[in-house]
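Given next are the chains, with one letter for each unit.
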Amino acid sequence: MNFASMVRAACRLGVAALAVPALLLGAGLPAPTAQAADPVKIGAFFALSGPTAPVGTPTKLVAQMFVDKVNKEGGINGRPIELVLGDTEGDPTKAVLTFKRFVSEEKVVAVIGPTRTDEGMAVKRQIESSGIPTVMTVGGDPVIMEGKLGNMDFGTARSVFKSPQRSSTAVRKVLGYLKKHDLTKVALLLSGDNFGQDGERWLRSLAPEYGIEIVGSEQFKPTDVDMKTQLTALAGKGPQAVICWTIGPAGALVSKNHHALGLTMPLLQCHGLPDPAYIKLAGEASEGDLMPATKLMTWEALPDSDPQKKVIAEFVRLYRDEYRYDAQYPINTHSGYAWDALLLLVEAMRKVGTEPARVRDALEATKGLVGVSGVFTLGPQDHNGLGEDSMVMLQVKGGKFVTVE
């Protein structure tokens, strides 16, 4: 009897489901196996090239590290995560094109990223029209703000969330430090992009609440390599401190210029700059500089009672010891953002599945989720969910960051 006749005979006996695999094996052919669960596709777009690649590239590595961990533990309700990557190059237009590809071609159910606030604002409308829940890894508040403020129209942010602390939270941390140390007259040095404008908006809005007067303000382009002119103009206003709001190498350049001019008033940077690269680039000029940061930067000093300590310790173990990313990309305040963005999505999906609208609702209902950057409690009016207690003030002392009160 040939192979086809054997199969027909088994079917006639009504035992095909049991017999066919055995017959296949007897014929020297592989038996069919259970189909693997379909992956959960999550888009992840960052600046993997261009000026902000030093921030975007390690963010991607952390995202993959988190996905590996979840998949080893069984995925999302038995389904593995497939991370669909995109390089925005830090370009808002390319961020929009990448997001559109994620939705129309890749059929992702959620997205994390991008790297810069300008990119986030550019893609915001596409997120809202698609309804794909997106947890951004940008510093600025406008991505999760809604309605109009002055001449700014932020649109809606129903499906937009973010894992880094809000700019307004970081501003409050800075102003609280200044008030505590009786530094009541400050000058602002701001990047001329969306992130810098967001910082200025909150600094001007909240300063009176802390009894702080802004005596002067200057701007620079993110690509500028010398800010001495602006610093000199600000020094002439007699401030007791200078607050700089930018990310990337520009912050270190401001520190070097501040030092070169012999200015003695404290320099306070924003929450996007706590990074060993800042100290490396600014060198001895960075000594004494202050900035708000996540607890990740000085996590070993946390009391054992802090719920974040155990989570951060595991993150650091994976990052430094297992994946060995720290050699090329030392841990900085950005390091946990992709981890937290995916954590928020995964926990939501474990509760409600992967249908985008249900994931969005579950994200908004997140309560007490312990991440690397803080303990997240979100709501309809807060698509970030982190407060001032998730941040510490750092100062550069002896070439390293230390916590200060």
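Residues numbered from 1 in each chain as written. Predicted model: local features only at pLDDT ≥ 70, side-chain atom pairs only at ≥ 80, totals over all residues. Heavy atoms only, no water.

## Here we look at the packing of helix H6 (residues 167-180) against helix H7 (residues 194-206)
What counts is decided by this rule: All axes are obtained by fitting lines to C-alpha atoms, using only the stretch in contact for helices, and the reported angles, taken between N-to-C directions, cover 0 to 180 degrees. For the purposes of this entry, the term helix denotes a DSSP run of H or I that reaches at least four residues, the term strand denotes a run of E that reaches at least two, and both are numbered from the N terminus. Here is the rule for angles: anything less than 35 degrees is roughly parallel, anything more than 145 is roughly antiparallel, 65 through 115 is roughly perpendicular, and the remaining ranges are oblique. In this scheme the handedness of a crossing depends on how the near helix is turned from the far one: anticlockwise by less than a right angle means left-handed, clockwise means right-handed. The criterion used for residue contact is that any of the two residues' heavy atoms lie within 4.5 Å. Only Asp, Glu, Lys and Arg are considered charged, only Ala, Val, Leu, Ile, Met, Phe, Trp, Tyr, Cys and Pro nonpolar, and every remaining residue, Gly among them, polar.
Between H6 and H7, the least distance of the axes is 9 Å, while the angle of their chain directions is 50 degrees. One element, H6, and the other, H7, form an angle in the oblique class. For the crossing formed where H6 meets H7, the hand is right-handed. Residues Ser-167, Ser-168, Val-171, Arg-172 and Leu-175 of H6 pack against Phe-195, Asp-198, Gly-199, Trp-202, Leu-203 and Leu-206 of H7. Within the contact of H6 with H7, the residues separate by chemical class into six nonpolar, three polar and two charged.

## Some points on the sheet that holds strand S1 (residues 40-46)
The line we're drawing: A pair of strands is labelled paired if DSSP reports no fewer than 2 bridges between them.
With parallel pairing, five strands are arranged side by side in an open sheet as S2-S1-S3-S4-S7. Since the sheet does not close on itself, it has two edges, and those belong to strand S2 (81-87) and strand S7 (160-162), each with one partner. Shown here is a sheet whose adjacent strand axes are inclined to one another by a mean of 25 degrees, direction ignored. The pairing of strand S4 (residues 134-136) with S7 spans three bridges and is classified as parallel. Along S7, the bridge assignment pairs Val-135 with Phe-161.

## Considering the nonpolar core
Rules: Working definition of a nonpolar core: buried Ala, Val, Leu, Ile, Met, Phe, Trp, Tyr and Cys residues. They are joined through side-chain atoms within 4.5 Å. We call a residue buried when its accessible area falls under 20% of the maximum for its residue type, exposed when it is over 50%, and partly exposed in between, using a 1.4 Å probe and counting protein chains only.
Among the nonpolar cores identified, the biggest contains 48 residues, and Ile-112 and Phe-315 are the most heavily contacted of them. Contributions of two or more residues to this core are made by S1, helix H3 (53-72), S2, strand S3 (110-112), helix H11 (307-322), helix H12 (337-352) and helix H13 (356-364). At ten residues, the largest contribution of residues to this core is made by H12. Contact partners of Ile-112, with chain neighbours within four places excluded, come to Gly-43, Ala-44, Phe-45, Phe-46, Ala-63, Val-135, Ala-338, Ala-341, Leu-342 and Leu-345. Counting residues in each nonpolar core, the second largest holds 29 residues, with Phe-154, Cys-270, Leu-290 and Val-404 among its members.

## Looking at the state of the cysteines
Put simply, the rule is: Criterion for a disulfide: a pair of cysteine sulfur atoms within 2.5 Å.
For the structure on display, the rule yields zero disulfides. Free cysteine Cys-244: the closest other cysteine sulfur is in Cys-270, separated by 7.2 Å. Residue classification places Cys-244 among the buried positions, given a relative accessible area of 0%. With a relative accessible area of 0%, Cys-270 lands in the buried category.

## Re the side chain of His-271
Within the fold, His-271 resides in the loop between strand S11 (267-268) and helix H10 (276-282). Taking relative accessible area as the criterion, His-271 reaches 2% and is therefore assigned buried.

## So, the pattern of salt bridges
Under the convention used in this document: What counts as a salt bridge is simple: a side-chain nitrogen of Lys or Arg found within 4 Å of a carboxyl oxygen of Asp or Glu.
Under the definition given, this model contains 20 salt bridges. Among the salt bridges present, the one from Glu-322 reaches Lys-72, with a minimum N-O distance of 3.7 Å. Of this pair, Glu-322 sits in helix H11 while Lys-72 sits in helix H3, placing them 250 residues apart in sequence. Judged by its relative accessible area of 40%, Glu-322 falls in the partly exposed class. Judged by its relative accessible area of 65%, Lys-72 falls in the exposed class. Here Glu-106 makes a salt bridge to Arg-101, at a shortest N to O gap of 3.4 Å. The exposure class of Glu-106 is partly exposed, given its relative accessible area of 21%. Via salt bridges that share partners, Lys-72, Glu-314, Arg-317 and Glu-322 belong to a single interconnected network.

## Comments concerning the environment of Thr-354
Our working rule: Residues adjacent in sequence count toward polar contacts only when both atoms are side-chain atoms; beyond that, a polar contact is any pair of N or O atoms within 3.5 Å, and within protein one must be able to donate a hydrogen and the other to accept it.
Residue placement: Thr-354 occurs in the loop between H12 and H13. With a relative accessible area of 18%, Thr-354 lands in the buried category. Distance in space between the C-alpha atoms of Thr-354 and Phe-99 is 18 Å, their sequence separation being 255 residues. Beyond its immediate stretch of four places on either side in the chain, Thr-354 contacts Val-40, Arg-79, Val-109, Met-349 and Val-359. Reaching out from Thr-354, the side chain makes a polar contact with the side chain of Arg-79 at a distance of 3.4 Å.

## Observations concerning the UniProt feature "domain: Leucine-binding protein" (unreviewed entry) in the protein chain
Threshold: UniProt positions are given in the numbering used here, feature names are shortened, and annotations may be inferred rather than shown by experiment.
As annotated by UniProt and renumbered to match this structure, "domain: Leucine-binding protein" (unreviewed entry) occupies residues 39-400. Counting secondary structure, residues 39-400 comes out at 40% helix and 18% strand; the distance between its end C-alpha atoms is 42 Å.

## Description of the pairing of strand S16 (residues 400-404)
The pairing of strand S15 (residues 391-397) with S16 spans five bridges and is antiparallel. Note that in S16 the partner of Met-393 across the bridge is Val-404.

## Some details on the environment of Lys-400
The topology assignment puts Lys-400 in strand S16. Overall, the relative accessible area of 52% leaves Lys-400 in the exposed class. Once the C-alpha coordinates of Lys-400 and Lys-280 are considered, the two residues, 120 residues apart in sequence, prove to be 9.8 Å apart. Among all residues touching Lys-400, those that are not within four sequence positions of it are Ile-279 and Gln-395.

## Structural notes on the environment of Phe-99
Among the secondary structure elements, Phe-99 is positioned in helix H4 (residues 92-106). On the accessibility criterion, Phe-99 (1% relative accessible area) is buried.

## What to know about H4
As a reminder of what qualifies: To estimate the expected span of a helix, subtract one from its residue number and multiply by 1.5 Å.
With 15 residues, H4 should reach 21 Å at 1.5 Å per residue; the first-to-last C-alpha distance of 20 Å fits that figure. At its buried positions, H4 is contacted by S1, S2, S3, helix H5 (117-130) and S4. Near the N-terminus of H4, the side chain that reaches the backbone nitrogen of Thr-93, with its oxygen 2.8 Å away, is that of Asp-91. Trailing H4 by a residue or two, Lys-107 shows a phi angle of about 55 degrees, which is positive.

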